[in-house]
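# Notes for the structure review
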Amino acid sequence: MNLFQRLRNLFGRGHEENGYYPELDEEEYEVELEPVGSSSERQLFTALDIGTAYAKAMIIEVHGDSAEVLGVGHHPQSYTHMSDGIVTDIPGVIANCNKALLKAEQAAGGVIAPSAIIGIAGELVKGSSTTVSKNRQQPARPITADELEALMASAQNKLLKSAKERIAAETGYHNIEVRLTNTAVVSVRIDGQAVSNPIGFPGRYFSLTLFSAFAPLMQLGALEAVAQGLDLTLLAIVAEPYALARCLSTNAGADSGAIFIDIGGGTTDIALVRQGGIEETRMFALGGRSFTRRIATSKSISIREAERLKLSYSRGEITGEAYEEMRAILEPDCQTWMDSVELLLEELAKEELLPPAIYVVGGGSGLLDLFQKLEAFPWIERLPFSRQPIIRTVQPEMVGHITDPESMLRSAQDITPMALAYQAVELENDDSMLEQTLYHVLDTMRM
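Residues numbered from 1 in each chain as written. Predicted model: local features only at pLDDT ≥ 70, side-chain atom pairs only at ≥ 80, totals over all residues. Heavy atoms only, no water.

## A few points about the overall build of the protein
Quick note on the threshold: Secondary structure elements are taken from DSSP: a helix is a run of H or I of four residues or more, a strand is a run of E of two residues or more, and numbering for both begins at the N terminus. Only heavy atoms enter the contact rule, under which two residues are in contact if any of them lie within 4.5 Å. Under the convention used here, a 1.4 Å probe and the Shrake-Rupley method define accessible areas, while residue burial counts only the protein chains that appear.
Within the protein, the regular secondary structure consists of 12 helices and 17 strands. Pairs at least 24 residues apart make up 73% of the contacts formed inside the protein by residues separated by at least 6 positions. Surface exposure of the protein reaches about 19600 Å², of which carbon and sulfur atoms provide 47%.

See the structure below:
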């Protein structure tokens with residue numbers, strides 16, 4: 001049984017006869033879909049980023065350690081369908097995702113990819129790492145699989161307990177069902193030395209660092225219902241900050257680490273990577289839609305008009321007094337956003353030095369005011385940086401392992417679905433002993 005099959009057993013829903021599939025405009029989407037059987041030898045996958053502002057679908061084909069983009073589709077979300085990264089209307093989101101998916105299939109020449117990886121975001125998605133250690137009483141005795149599994153189970157229980165406590169503290173509810181979204185071994189060390197497979201090694205000090213992301217069952221269930229409604233086989237639901245960190249850290253700051261900031265429509269997600277391993281993620285509910293609402297309220301115009309005005313401002317099409325007016329309108333929310341970033345980075349630092357590289361992605365990163373806030377911030381004076389960090393907006397061409405021969409990916413808002421696509425590459429290739437043991441532990445723990 002390969003890793004994909006194990007993931008299907010753990011996370012997958014498969015196809016349901018009573019799945020919701022919305023009506024389509026046949027004239028708009030005339031796609032001759034390639035029969036599933038004809039592509040059985042191809043490694044085809046769908047990456048689905050269900051964002052607050054847009055549903056984004058990407059069809060890819062995995063070739064070894066990289067993926068080729070075959071088709072991309074975007075469709076806007078209604079304000080009533082999503083709120084701060086969380087699904088609030090399942091049928092409405094299914095309809096939007098379906099349109100994005102059909103656009104992607106059309107761009108891919110009719111190719112369909114039922115196996116899907118879906119991203120999850122929102123303030124109640126809790127991702128963090130922990131290190132558990134064992135002082136072995138018989139250091140000359142080789143480490144066994146049972147010892148490794150016990151250490152992994154201890155780490156997972158510790159992370160689950162922490163996630164439940166954090167969610168309870170933020171919501172005021174102490175009995176919310178919490179489930180694992182994704183997990184990965186960050187490092188394994190024996191007497192301080194990193195190893196890729198600890199089985200058979202002697203040693204006294206055996207430690208393991210594990211990253212896990214958890215989310216409320218309600219939120220995960222909504223995404224599972226969306227996958228079912230789209231007739232997709234759900235391989236994994238992945239915390240988006242984790243996906244970004246895994247994808248971008250392969251060619252950005254792998255040695256010294258990096259901070260990744262994803263500015264979406266409803267939330268801003270932050271991931272911290274140190275020494276090539278993701279340590280923690282944080283999210284707060286302030287994204288592009290907050291700025292749109294501020295413009296609409298200040299100028300007494302509709303949300304749609306405010307969105308158009310915001311985009312024109314972001315593209316530099318507004319000048320003179322109108323530009324200064326927009327800048328003044330957005331300044332309070334931009335400062336609140338910067339204050340929130342500072343607060344979360346202070347929490348993530350835990351009084352240790354932060355890596356001197358900040359990478360910004362997401363549709364909201366197009367608002368120049370936010371980038372200017374980051375550039376002007378006194379990082380060294382306010383946070384534990386050894387030097388002024390470089391700040392860079394990530395564009396699609398900067399992302400490794402994802403090829404785009406037809407140049408379908410054009411902006412920073414495409415980075416998150418690219419990161420989810422990279423998860424398919426990792427799942428297809430990473431069948432190491434550590435991963436096999438980890439999924440066996442999860443199966444045993446029923447997490």
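Moving on from the model shown.
## So, the packing of helix 6 (residues 288–299) against helix 7 (residues 303–314)
The condition that has to hold: Axes here refer to lines fitted to C-alpha atoms; in helices the fit is confined to the stretch in contact. Angles between the N-to-C directions go from 0 to 180 degrees. Orientation labels follow simple angle bins: below 35 degrees gives roughly parallel, above 145 gives roughly antiparallel, 65 to 115 gives roughly perpendicular, and whatever is left gives oblique. Two helices cross in a left-handed way if the nearer one is turned anticlockwise from the farther one by less than a right angle. They cross in a right-handed way if the turn is clockwise. For this classification, Asp, Glu, Lys and Arg are treated as charged, while Ala, Val, Leu, Ile, Met, Phe, Trp, Tyr, Cys and Pro are nonpolar and the rest, including Gly, are polar.
The contact between helix 6 and helix 7 brings their axes to 8 Å, and the two run at 110°. Put simply, helix 6 runs roughly perpendicular to helix 7. For the pair helix 6 and helix 7, the sense of crossing is right-handed. Contacts between helix 6 and helix 7 pair Gly288, Arg289, Phe291, Thr292, Arg293, Ile295, Ala296 and Lys299 from the former with Ile303, Ala306, Glu307, Leu309 and Lys310 from the latter. Of the residues belonging to the contact of helix 6 with helix 7, the class tally is 6 nonpolar, 2 polar and 5 charged.

## A short note on the environment of Leu409
Within the secondary structure, Leu409 is located in the loop between strand 17 (402–403) and helix 11 (415–429). Considering only alpha carbons, one finds Leu409 and Met58, 351 residues apart in sequence, at a separation of 9.9 Å. Discounting residues that sit within four places of it in the chain, Leu409 has contacts with Met58, Val69, Val72, Pro396, Asp404, Asp414 and Met418.

## Some points on the packing of helix 5 (residues 240–248) against helix 11
Relative to each other, helix 5 and helix 11 sit at 75°, their axes nearing to 8 Å. Taken together, the axis directions place helix 5 and helix 11 in an arrangement best described as roughly perpendicular. From helix 5, Glu240, Tyr242, Ala243, Leu244, Arg246, Cys247 and Leu248 reach across to helix 11, where they touch Ile415, Thr416, Met418, Ala419, Leu420, Tyr422, Gln423 and Glu426. Grouping the amino acids of the contact of helix 5 with helix 11 by side-chain chemistry returns 10 nonpolar, 2 polar and 3 charged.

## Concerning unusual backbone geometry
Residues other than glycine predominantly adopt negative phi, and peptide bonds predominantly adopt the trans conformation. Condition: A simple rule labels every residue: compare its accessible area, found with a 1.4 Å probe on the protein chains alone, to the largest value its type can have, and call it buried under 20%, exposed over 50%, or partly exposed in between.
Residue Lys350 is not a glycine yet carries a positive backbone phi of 50°. Take Lys350: it is sitting in the loop between helix 8 (320–349) and strand 15 (357–361). Not every positive phi belongs to a glycine, and Ser407 is a case in point at roughly 55°. Relative to the helices and strands, Ser407 resides in the loop between strand 17 and helix 11. Residue classification places Ser407 among the partly exposed positions, given a relative accessible area of 48%.

## With respect to the nonpolar core
Note the following rule: Buried Ala, Val, Leu, Ile, Met, Phe, Trp, Tyr and Cys residues form a nonpolar core when they are joined through side-chain atoms within 4.5 Å.
Ile50, Met58, Ile60, Leu208 and Leu248 are the most contacted members of the largest nonpolar core, which has 106 residues in total. If near-sequence neighbours (up to four positions away) are discounted, Ile50 is found in contact with Gln77, Met82, Val93, Cys97, Ile118, Leu223, Val226 and Glu240. With 36 residues, the next largest nonpolar core counts Phe291, Ile329, Trp337 and Trp379 among its residues.

## Examining the side chain of Arg289
Here is the rule we go by: When charges are counted, neither His nor the chain ends are considered; positive counts come from Lys and Arg and negative counts from Asp and Glu. One speaks of a salt bridge when a side-chain nitrogen belonging to Lys or Arg is within 4 Å of a carboxyl oxygen belonging to Asp or Glu. Counted as a polar contact is a pair of N or O atoms within 3.5 Å, where, for protein atoms, one must be capable of donating a hydrogen and the other of accepting one, and residues adjacent in sequence contribute only when both atoms are in side chains.
Checked against the element boundaries, Arg289 lands in helix 6. In this structure, Arg289 is buried with no salt-bridge partner, the nearest side chain bearing the opposite charge being Glu307 at 6.9 Å. One polar contact links the side chain of Arg289 to the main-chain carbonyl oxygen of Gln77, over a distance of 2.9 Å. Apart from residues no more than four positions distant in its own chain, Arg289 is found in contact with Thr52, Ala53, Gln77, Ser78, Tyr79, Met82, Gly265 and Lys310.

## A few points about the sheet that holds strand 3 (residues 66–76)
Where strands meet in a sheet, backbone hydrogen bonds hold them as pairs that are either parallel or antiparallel. Inclusion rule: In this scheme, strands are said to pair when DSSP sees at least two bridges between them.
Here we have 6 strands laid out as an open sheet, ordered 11-6-1-2-3-17, and mixed in their pairing. This sheet does not close on itself; its edge strands, each paired only once, are strand 11 (233–239) and strand 17. Of the pairings in the sheet, the one linking strand 6 (residues 115–120) to strand 11 comprises 6 bridges and is parallel in character. Following the sheet pairing, Ile120 is matched in strand 11 by Ala239.

## Focus: the pairing of strand 3
Burial runs high along strand 3: 8 of the 11 residues are buried. Pairing of strand 2 (residues 54–63) with strand 3, which is carried by 10 bridges, proceeds in the antiparallel orientation. Bridged to Ile60 within strand 3 is Val69. Following strand 2, the chain reverses through 2 residues before pairing antiparallel with strand 3; Gly64 in that reversal takes a positive phi of roughly 65°.

## Topic: the pattern of salt bridges
This structure, assessed with the given rule, holds 20 salt bridges. We note a salt bridge from Arg315 to Glu317, for which the minimum N-O separation is 2.9 Å. Ionic pairing is found between Lys373 and Glu331, a salt bridge with its closest N-O pair at 2.8 Å. Taken together, the positions of Lys373 in helix 9 (residues 368–376) and Glu331 in helix 8 put the pair 42 residues apart, joining distant regions of the chain. Among the residues examined, Glu331 registers a relative accessible area of 35% and is labelled partly exposed. Overlapping salt bridges bring together Arg166, Glu280, Arg282, Glu347 and Lys350 as one network.

## Considering the packing of aromatic side chains
Test applied: Centres within 6.5 Å are what make two rings of Phe, Tyr or Trp a pair, Trp counting through its six-membered ring; a difference in plane orientation under 30 degrees is then read as stacked, over 60 as edge-to-face, and the rest as tilted. Look at NZ for Lys and CZ for Arg. If either is within 6 Å of the ring centre and within 35 degrees of the ring normal, a charge sits over the ring.
Going through the model one piece at a time under the given rule, you end up with 5 aromatic pairs. Residues Trp379 and Phe385 carry aromatic rings whose centres are separated by 5.6 Å and whose planes lie at 75° to one another, so their mutual orientation is edge-to-face. Grouped by ring-pair contacts, the aromatic residues Phe377, Trp379 and Phe385 constitute a single cluster. Just above the ring of Tyr79 sits the side chain of Arg289; from NZ or CZ to the centre is 3.9 Å.

## Structural notes on helix 3 (residues 145–171)
Keep this limit in mind: Given the number of residues in a helix, its expected span is that number minus one, multiplied by 1.5 Å.
An ideal rise of 1.5 Å per residue puts 39 Å on 27 residues; helix 3 measures up with 39 Å between its terminal C-alpha atoms. Looking one or two residues beyond helix 3, the residue adopting positive phi is Gly172, at roughly 85°.

## Some words on the environment of Ala104
Along the chain, the position of Ala104 falls in helix 2 (residues 90–107). Taking the C-alpha atoms as reference points, Ala104 and Leu70, separated by 34 residues in sequence, lie 8.0 Å from one another. Ignoring anything within four residues of it in the chain, the contact list for Ala104 reads Ala57, Ile59, Gly71, Val72 and Gly73.

Don't take any of this as a statement about function, it's just geometry.
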